[in-house]
Each structure stands twice: as structure tokens, then as C-alpha cells.
Amino acid sequence: MFKKDLLKNKRILITGGGTGLGKEMASHYAEHGADLYICGRRLNVLEETAFELKEKYGVSVKYETLDIRASKDVDDYIERIFQEGPLDGLVNNAAGNFISPTKDLSHKGFDAIANIVFHGTFYITHSVGKRWIDLKHKGSIISILATWVWTGSPYVVPSAMSKSGLNAMTQSLAAEWGKYNIKVNAIAPGPFPTKGAWERLNLGGNDESSMASIPLGRTGEMIELQNLATFLMADGCDYLTGQTIGIDGAQYLTGGGTFSNLDKLSDEDWDQIRAMIRSSNNKDKANRS
Ligand code: HXC
């Protein structure tokens, strides 16, 4: 769909770029010539992804562990990157989420999600944006949101609230930073299967009943998301800013949100799901330590 050197000489940071959607976008950017920075909490997956993309596409891929909840660490990290030269693009992809009835959430559970998604994404965006403004450097920001920024969503209320805040950030900063040549957009993907989200969010397979709410009758194909992320990052359509673009096969417009079918689960089902999510998180934690 694009010329192979479309993103040549662009330096792009992708948070959570070691796995999942972040890795997929990073890979497409590398394929189109961009030099990359990826960060996340797990060193091993960052290392593997950086090695793989460097080998395959011959671009520079630098990686560092970073928890975006730690605002000082975020600003220090961005400062180190800018010491090497200004970024041209930022993809706010790092997130955290789990399904749970809202009545069962503890305040710490709410904070675990809000601190990553709402606070962490602001810290990164602010650290990068203020440097672009100081340097008078053109920039492009893309945040990965979800269609529930328009609909709300049961069972993922901390994520829905936090991502809705980022939708407001996208609109607000597009207006405030347009004069600095910074464009600010977002992508709201519907179901694109990745291991992390599928294990935690119990989204089910690509079978007929779970796909019934999607007019296109299927989950998203990664290349579709990659193409959109590349189009938004490239030059050529800079007048497009402040927009959150849904890519979900029109699922949210049908009124059956991703998690509406969870209404039929019993308390026992939820106990099992909680155990499953915890075991997946514990595996991740073991990998991090
Ligand atoms: C209820 C839970 C819970 C669960 C954690 N908590 N999991 N409560 N149900 N399943 C509560 C804990 O009990 C604790 O509160 C508090 O949350 C903090 O838990 P920790 O495990 O100590 O937190 P932490 O190590 O910071 O882990 C953060 C996390 C974890 C978000 C909970 O899942 C994580 O790191 N995830 C990152 C990756 C991720 O989530 N990826 C999926 C994103 S998918 P108490 O009070 O008990 O101490 C996505 C896109 C969706 O966002 C798109 C779909 C279409």
C-alpha cells in the first residue's frame, strides 16, 4: 500500500512496543524505513523484538525498560532520547486492562489501570510534546484507544474512563499544539487478536457467535491496523488532526459492544476468570523479575 521508504529518516517511539499491537506497528514502521525506540516493562520481549526488527529491516531499534507510571523515569527517558536527536513520532500504545464487574474492583485495582493508561500516557505525551515545542520540531502523536471512548463499556470501566480521557487529550492537544506543527490523532481498534489482550479480556475465538456483533463477521487483520497507523504517522495528510479513528468492522455502531455478552456470566464464572487473569499476570511478573 505504501512506498518502502515512506518513513525513512523518521524516529518513532512506540510505548509497549515489545509485544502485541505495539510490536505490530513497530514492525510496519521499520519495514517502511523508520528508526525506532521501543520501551516497556519486560526486558526480554523488548530485546527479542529489537533484534528481530533490526535483522529483518536493517533499521535502528533501541530499547529500554520503562514503567510509564513513573513520571520522573518517563521524563529522564525522553530526555535521553532527545539527546541523541529529536523524535518525529510517538505512539501511545502501552496500556493495562482486565475485565471485572465494577462492584468487585478495589480502589487499587482502579488505580492500576488509571495510573498506566490515563496518567502514564499523559506523562509521555507531555515529555515529548514540550521538547518538540522548545525545538520547533514537527511531530505526530497517535494514541491507541478503544471504541468504548464513544460508547462507554461495562466490565472495563477504569479503562473506558481512562481512554475517554485520552480521547479528550487528543482533541484538546490537536487544538492547542496545532500552531506548533504537532498533529495529534488516535486509533480505536475493535477486536484485533493479540495474546495479551485475548488472555486477559476473554474475547473468545473467531467463531460465529462471538463475531455476530461485527457486521464484517470477523476480527481485524493486523495489516489493516498497521496500514492505518502508518498512514497517520506519515507526512502527506497533516491537516488530519484531533481525530480518533475507529477500525472495528462497524462493531460499535451495531450497539453490541465487545463485552455486552458478559452479562450472562455467573459469580462462579467471574471467580474462574479472575484466577485465569491472575495466572497470566503472574507469568508476566515472573518474566519481568
Ligand atoms: C479484579 C484485579 C484484577 C482482576 C488485578 N486486580 N487484576 N482486580 N480483577 N482480574 C487488582 C489487584 O487485586 C490489586 O488490588 C490491584 O489490581 C493491582 O494489582 P497488581 O497485580 O499488583 O498490579 P500491577 O502489577 O500494577 O498490574 C497491573 C495490571 C496488569 C493492569 C493489573 O494486568 C498488567 O500489568 N497488565 C499490563 C498488560 C495488559 O493488561 N495488557 C492488556 C491490555 S489490552 P488489591 O486491592 O487487591 O491490592 C487492552 C486493549 C483492549 O487494553 C482492547 C479490546 C478490544
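**Student:** What am I meant to see in the sheet that holds strand β1 (residues 11-15) here?
**Tutor:** Two modes of strand pairing occur in sheets, parallel and antiparallel, and in both the strands are linked by backbone hydrogen bonds. Strand order in the open sheet formed by seven strands is β3-β2-β1-β4-β5-β6-β7, and the pairing between neighbours is parallel. Strand pairing shows two members of the sheet lacking a second neighbour, β3 (61-65) and β7 (244-247), which therefore form its edges. Between one strand axis and the next, the sheet turns by 15 degrees as a mean value, whatever way the strands run. As judged from the three bridges shared by β1 and strand β4 (residues 89-92), these two strands associate in the parallel manner. Considered in β4, the bridge of I12 is made with G89.

**Student:** In this structure, what is going on with the pattern of salt bridges? I would like to understand it.
**Tutor:** Side chains that differ in charge, positive against negative, can pair when their charged atoms come close. According to the stated counting rule, one finds 18 salt bridges in the structure shown. Salt-bridge contacts for D67 lead to R69; the nearest nitrogen and oxygen are separated by 3.1 Å. Assessed through its relative accessible area of 32%, R69 is described here as partly exposed. With its nearest N and O atoms 3.1 Å apart, the salt bridge here joins D104 to K103. Here D104 falls in the partly exposed class, since its relative accessible area comes to 36%. The exposed category is assigned to K103, whose relative accessible area is 67%. Via salt bridges that share partners, K10, K138, K183, D235 and D238 belong to a single interconnected network.

**Student:** Which parts of the structure should I look at to understand the site of the ligand?
**Tutor:** What surrounds the ligand is a group of 20 residues, the closest being R41, R69, S106, R278 and K285. Within the side chain of S106, one N or O atom sits 2.6 Å away from an oxygen atom of the ligand. Here an oxygen atom of the ligand sits 3.2 Å away from a polar atom, N or O, in the side chain of N281. For the shell around the ligand, the secondary-structure elements that each account for two or more residues are α4 (107-135), α7 (195-201) and α9 (267-288). Tallying contributions element by element places α9 first for the shell around the ligand, with five residues.

**Student:** Sorry if this is basic, but what is going on with the nonpolar core here?
**Tutor:** General note: in soluble globular proteins, nonpolar side chains tend to be found buried as a group. One finds L13, Y77, I78, L87, I124, V128 and W132 to be the most contacted residues of the largest nonpolar core, which totals 30 residues. If you list the elements that add at least two residues to this core, you get β2 (35-40), α3 (71-84), α4, α6 (157-177) and β6 (182-189). The greatest single-element share of this core, amounting to six residues, is contributed by α4. With residues near it in sequence (within four places) discarded, L13 still touches Y37, I38, C39, Y77, I78, I81, L87, G89, L90 and V91. By size, the runner-up hydrophobic cluster in this structure holds 29 residues, among which are I12, I38, V59 and L232.

Rules behind the numbers
- Residues numbered from 1 in each chain as written.
- Predicted model: local features only at pLDDT ≥ 70, side-chain atom pairs only at ≥ 80, totals over all residues.
- Heavy atoms only, no water.
- Pairing = 2+ DSSP bridges.
- Helix = DSSP H or I, 4+ residues; strand = E, 2+ residues; numbered from the N terminus.
- Axes fitted to C-alpha atoms, helices over the stretch in contact; angles between N-to-C directions.
- Salt bridge = Lys/Arg side-chain N within 4 Å of Asp/Glu carboxyl O.
- Buried < 20%, exposed > 50% of the residue type's maximum accessible area, 1.4 Å probe, protein only.
- Near = heavy atom within 4 Å.
- Polar contact = N/O pair within 3.5 Å; in protein donor to acceptor, adjacent residues only side chain to side chain.
- Core = buried A, V, L, I, M, F, W, Y, C linked by side-chain atoms within 4.5 Å.
- Contact = heavy atoms within 4.5 Å.

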